[in-house]
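Observations on the three-dimensional arrangement
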Amino acid sequence: MEPKKLRITNQLQFAELVRRMELNPSVAKGLKYAEATNVSRQNFHVIWADTTEALNSLGPPTRTAAEWQKVWADFKLKTKSKLLKNKKDLNATGGGPNNSTPLTACEEAVVGLLSLEKAVCHGGTVFGLTEGACLDEEASMEVESDQPILDTPQAASTPSSSKKQVPKEAVELLRLQVGCLEGIKESAEQICRYSRKTFYLKEEQLKLQQKHIKRKHEHMLRIEQHKKEKLELKMEMLRYKKEKLDFLKQKSMQD
């Protein structure tokens, strides 16, 4: 059996990946094809294609779009796990020395982008957030095999022998986040349906108003035409009477 090739993601690639995800927060949060966030299937693939091209230009290593998606998913999971560990360490000190691991600048960016402090700390105090390099040694030396990686939850979450097992708290938090996102998606779909119905009703109401205005205008034109014809008839009658009087006057003068 041939040994697996090891590929090390360099610091420039991690920094560029985080920067690209900050420009596309809906994609970064995993909302692939949500109507409410304006991320269509085509736009999702275009964003990851551009990101893949940019990241591969900073290589080696080079990866496919699906593999870079897995790198991003692993980095998010690692950051969440680090926050959970810091929280446990902070609660376990009991006033003793703080054993929490400081977050790097890129990890801080991910925390802010995904609002991980609220999810992990439930609105508690910030912990372990210090200025540092873009990635620590462990993150910059992340190692992945050269085997194909499928863009599925199973492939993205399968732990390797060199990585720690995901804490149960993180899994529960992920499940809660998925449930919240599904609820948001359902609410957004209902809002979209209601908006479409409201638009159609407004459109029909506008058409009826336009028809009513048109009919009213036509009715006013008919009234004006009728008045005009009546006035012309009166004028014709007056002319006839005048001619009759003139005729009678001339006849009387002749007699």
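Everything discussed here concerns the structure shown above.
A brief look at the structure comes next.

Cut-off values and rules
- Residues numbered from 1 in each chain as written.
- Predicted model: local features only at pLDDT ≥ 70, side-chain atom pairs only at ≥ 80, totals over all residues.
- Heavy atoms only, no water.
- Helix = DSSP H or I, 4+ residues; strand = E, 2+ residues; numbered from the N terminus.
- Contact = heavy atoms within 4.5 Å.
- Areas by Shrake-Rupley, 256 points an atom, 1.4 Å probe, with all protein chains shown as cover.
- Expected span 1.5 Å × (residues − 1).
- Buried < 20%, exposed > 50% of the residue type's maximum accessible area, 1.4 Å probe, protein only.
- Axes fitted to C-alpha atoms, helices over the stretch in contact; angles between N-to-C directions.
- Parallel < 35°, antiparallel > 145°, perpendicular 65-115°, else oblique.
- Left-handed = near helix turned anticlockwise from the far one by under 90°.
- Nonpolar A, V, L, I, M, F, W, Y, C, P; charged D, E, K, R; others polar.
- Core = buried A, V, L, I, M, F, W, Y, C linked by side-chain atoms within 4.5 Å.

1. Observations regarding the overall build of the chain
For the chain, the count of helices and strands is nine helices and two strands. Scanning the chain from its N terminus toward the C terminus, one meets helices and strands in the order β-α-α-α-α-α-α-α-β-α-α. Restricting the contact set of the chain to residue pairs at least 6 apart, pairs at least 24 apart contribute 75%. When the accessible surface of the chain is totalled, it reaches about 18,400 Å², and 58% of it is carbon and sulfur.

2. Quick notes on helix H9 (residues 168-254)
With 87 residues, H9 ought to run about 129 Å at 1.5 Å a step, and its terminal C-alpha atoms sit 129 Å apart, in line with that. Among the residues making up H9, those that are buried are Ala-170, Leu-173, Ala-188 and Cys-192.

3. Observations regarding the packing of helix H1 (residues 11-23) against helix H3 (residues 41-57)
At a minimum axis distance of 10 Å, the contact between H1 and H3 shows a crossing angle of 160 degrees. The orientation of H1 with respect to H3, classified from their angle, is roughly antiparallel. For the pair H1 and H3, the crossing hand works out as right-handed. Within the contact between the two elements, H1 uses Gln-13, Glu-16, Leu-17, Arg-20 and Met-21 and H3 uses Trp-48, Asp-50, Thr-51, Ala-54 and Leu-55. A breakdown of the residues in the contact of H1 with H3 according to their chemical character gives five nonpolar, two polar and three charged.

4. Some details on unusual backbone geometry
That bond from Gly-59 to Pro-60 is cis: its omega, 10 degrees, falls within 30 degrees of zero. Relative to the elements of secondary structure, Pro-60 occurs in the loop between H3 and helix H4 (65-93). The peptide bond linking Pro-60 to Pro-61 adopts the cis configuration, its omega dihedral lying at 5 degrees. Relative to the assigned elements, Pro-61 resides in the loop between H3 and H4. One non-glycine residue, Ser-115, lies in the positive phi region at around 55 degrees. With respect to the helices and strands, Ser-115 occurs in the loop between helix H5 (105-114) and helix H6 (116-121).

5. Observations regarding the nonpolar core
In this structure, Leu-17, Met-21, Trp-48, Trp-72, Phe-75 and Val-110 are the most contacted members of the largest nonpolar core, which totals 27 residues. When residues of this core are traced back to their parent elements, those giving at least two are H1, helix H2 (25-28), H3, H4, H5, H6 and H9. The biggest single contributor to this core is H4, with six residues. The residues contacting Leu-17, other than those within four sequence positions of it, are Trp-48, Thr-51, Leu-55, Val-71 and Trp-72.

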